[in-house]
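Next come the chains, spelled out residue by residue.
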Amino acid sequence: NRHRSLDLTALAVHYCSAVYTKAKIMVVEDSNIISRDIQKRLGNLGYEVPATAVSGEEAVEKAGQVQPDLILMDINLKGQMDGIEAAQKIQDQHSIPIVYLTAQSDDATLRRAKLTGPFGYLLKPFEERDLRTTIEVALYKHESDSKVRDESDQNLALFEVARILAQPWSFEDKCKAVLRALSRLGNAEMATLRVPEAGVPALKLVSWAGSANWERPEFLSISQSVAGKAYQEKSPVVENNYEASPLADPSAVSQGIKSVVSIPVVAGGNILGVVNVLSQKPDNFLPRTVRVLTAIADGLGKL
């Protein structure tokens with residue numbers, strides 16, 4: 001049985017090698033010698049290294065810029081932010097699996113590290129074979145976990161829409177309920193619904209809901225807004241750095257909005273309008289969040 005288990009593990013690693021060879025691996029290590037050695041090994045194994053970092057602060061910044069498939073994170077980084085704190089900040093903002101590199105395996109360090117939900121550990125020094133196995137298993141586990149979460153999130157979205165549609169409410173009340181669900185499940189402060197205005201190249205505000213009472217422009221230009229872009233492209237548009245977007249609405253920026261996702265509302269193949277979900281948090285809308293919000297927004301097309 002033991003030999004059979006080893007054979008199955010080897011088979012799984014072989015399969016993962018074929019799937020994940022071109023994965024982008026970011027290396028966070030404050031020793032230049034060790035970092036270069038890890039990069040060389042990753043290259044030998046067929047992985048890409050799009051970025052490296054030597055501090056926790058740099059790791060957080062580059063993770064957002066590069067969006068690697070996996071991060072190899074040294075726990076004991078020099079500076080004010082160690083690898084565990086950097087990993088937590090990255091996990092709060094992005095869905096990127098992290099494997100810790102460490103020369104320490106004491107219980108206190110492992111307890112702190114476990115709280116960030118890592119996808120593996122590598123104790124220094126490690127063999128190239130161990131590096132490959134740990135990376136491939138981590139990537140496979142992350143992909144599997146993502147599929148399970150996506151399915152759960154989609155079911156939650158469909159249940160929410162079905163619950164609202166089943167209520168004996170007016171169209172306006174059901175619309176408000178869907179927008180509240182979008183705001184809540186998007187971890188955002190506001191959701192709005194805009195529809196095209198006849199004879200005017202703009203989208204008119206018809207309903208809104210959320211925890212904030214911000215100023216809401218009555219019209220947004222179709223050619224000069226994120227909502228207009230979603231309307232024209234007939235697909236969701238995400239701006240996680242809204243302030244820097246050339247399509248940003250100045251009044252929204254002045255009220256502290258940092259992330260926006262605009263989702264077209266479709267019925268019978270026709271676009272009825274656009275839902276905007278607005279947040280004061282930067283990098284708020286991960287791909288899985290957008291998929292959930294899109295499923296809920298589809299409910300407006302069924303009203």
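The following paragraphs examine the structure supplied in this document. (Residues numbered from 1 in each chain as written. Predicted model: local features only at pLDDT ≥ 70, side-chain atom pairs only at ≥ 80, totals over all residues. Heavy atoms only, no water.)

1. Some details on the sheet that holds strand β4 (residues 98-102)
No. 1: Spatial ordering of the open sheet is given by β2-β1-β3-β4-β5, a layout of five strands whose pairing is parallel. Bordering the open sheet on either side are β2 (52-53) and β5 (120-123), each of which pairs with just one other strand.
No. 2: Where strand β3 (residues 70-74) and β4 come together, four bridges link them in parallel fashion. Bridge pairing links Leu-72 to Val-99 in β4.
No. 3: Of the strands in this sheet, β1 (25-28), β3, β4 and β5 are in contact with helix α6 (residues 128-165), which crosses β3 at around 125°. (Pairing = 2+ DSSP bridges. Helix = DSSP H or I, 4+ residues; strand = E, 2+ residues; numbered from the N terminus. Contact = heavy atoms within 4.5 Å. Axes fitted to C-alpha atoms, helices over the stretch in contact; angles between N-to-C directions.)

2. Considering the sheet that holds strand β10 (residues 259-267)
No. 1: Reading across from one edge, β8-β7-β6-β11-β10-β9 is the order of the six strands in this open sheet, with antiparallel pairing throughout. The sheet is open, and its two edges are formed by β8 (219-221) and β9 (237-239), each paired on a single side. In this sheet, adjacent strand axes meet at a mean angle of 30° when their direction is disregarded.
No. 2: Where strand β6 (residues 190-196) and strand β7 (residues 202-210) come together, seven bridges link them in antiparallel fashion. By the bridge assignment, Met-190 is partnered in β7 with Gly-210.

3. Observations regarding the packing of helix α2 (residues 32-44) against α6
No. 1: With their axes 10 Å apart at the nearest point, α2 and α6 run at an angle of 70° to one another. Considered as vectors, α2 and α6 are oriented roughly perpendicular to each other. Contact residues: Arg-41, Leu-42 and Asn-44 in α2; Glu-128, Leu-131 and Ile-135 in α6.
No. 2: In terms of residue class, the contact of α2 with α6 is made up of three nonpolar, one polar and two charged. (Parallel < 35°, antiparallel > 145°, perpendicular 65-115°, else oblique. Nonpolar A, V, L, I, M, F, W, Y, C, P; charged D, E, K, R; others polar.)

4. Here we look at the nonpolar core
No. 1: In this structure, Leu-179, Leu-182, Val-275, Val-277 and Ile-296 are the most contacted members of the largest nonpolar core, which totals 26 residues.
No. 2: Within the residue set of this core, elements represented by two or more residues are α6, α7 (171-185), β6, β10, β11 (270-279) and α10 (287-297).
No. 3: Setting aside its immediate chain neighbours within four residues, Val-275 contacts Leu-179, Leu-182, Thr-192, Leu-193, Val-261, Ser-262, Ile-263, Val-265, Ala-297 and Leu-300.
No. 4: Core analysis: the second largest hydrophobic core is formed by 20 residues, Ile-71, Met-81, Ala-87 and Ile-96 among them. (Core = buried A, V, L, I, M, F, W, Y, C linked by side-chain atoms within 4.5 Å. Buried < 20%, exposed > 50% of the residue type's maximum accessible area, 1.4 Å probe, protein only.)

5. Describing the pairing of β10
No. 1: Of all nine residues in β10, seven are buried, a share of seventy percent or more.
No. 2: In this sheet, β10 lies alongside β9 in antiparallel orientation, the contact comprising three bridges. Following the sheet pairing, Val-238 is matched in β10 by Val-261.
No. 3: Both β10 and β11 contribute to a ladder of nine bridges, which runs antiparallel. Within β11, the position partnered with Val-261 by the bridge is Val-277.

6. Structural notes on the packing of helix α3 (residues 56-66) against helix α4 (residues 83-93)
No. 1: Following both chains from N to C, one finds α3 and α4 inclined at 20°, their axes separated by 9 Å at the closest point. In terms of orientation, α3 lies roughly parallel with respect to α4. At the point where α3 passes α4, the crossing takes the right-handed sense. In contact with Gly-56, Ala-59, Val-60 and Ala-63 of α3, α4 contributes Ala-86, Lys-89, Ile-90 and Gln-93.
No. 2: Of the residues assigned to the contact of α3 with α4, the class counts are five nonpolar, two polar and one charged. (Left-handed = near helix turned anticlockwise from the far one by under 90°.)

7. Notes on helix α8 (residues 226-233)
No. 1: Within α8, the full set of buried residues consists of Val-226, Ala-227, Gly-228 and Ala-230.
No. 2: Buried-residue contacts for α8 involve β7, β8, β9, β10 and β11.

8. So, the packing of aromatic side chains
No. 1: Enumeration over the complete set of coordinates arrives at one aromatic pair.
No. 2: Ring geometry for Tyr-100 versus Tyr-121: centroids 5.9 Å apart, planes at 35°, classification tilted. Linking Tyr-100 in strand β4 with Tyr-121 in strand β5, this pair joins segments that are 21 residues apart in sequence.
No. 3: Residue Tyr-100 is classed as buried on the basis of its relative accessible area of 0%.
No. 4: Here the guanidinium or amino end of Lys-176 rests over the ring plane of Trp-208, the centre of that ring lying 5.0 Å away. (Phe/Tyr/Trp six-rings, centres within 6.5 Å; stacked < 30°, edge-to-face > 60°. Lys NZ or Arg CZ within 6 Å of the ring centre and 35° of its normal.)

9. Quick word on the side chain of Thr-102
No. 1: Secondary-structure assignment places Thr-102 in strand β4.
No. 2: The exposure class of Thr-102 is buried, given its relative accessible area of 1%.
No. 3: If we ignore the near neighbours within four places in the chain, the residues touching Thr-102 are Asp-74, Ile-75, Asn-76, Leu-122, Leu-123 and Lys-124.

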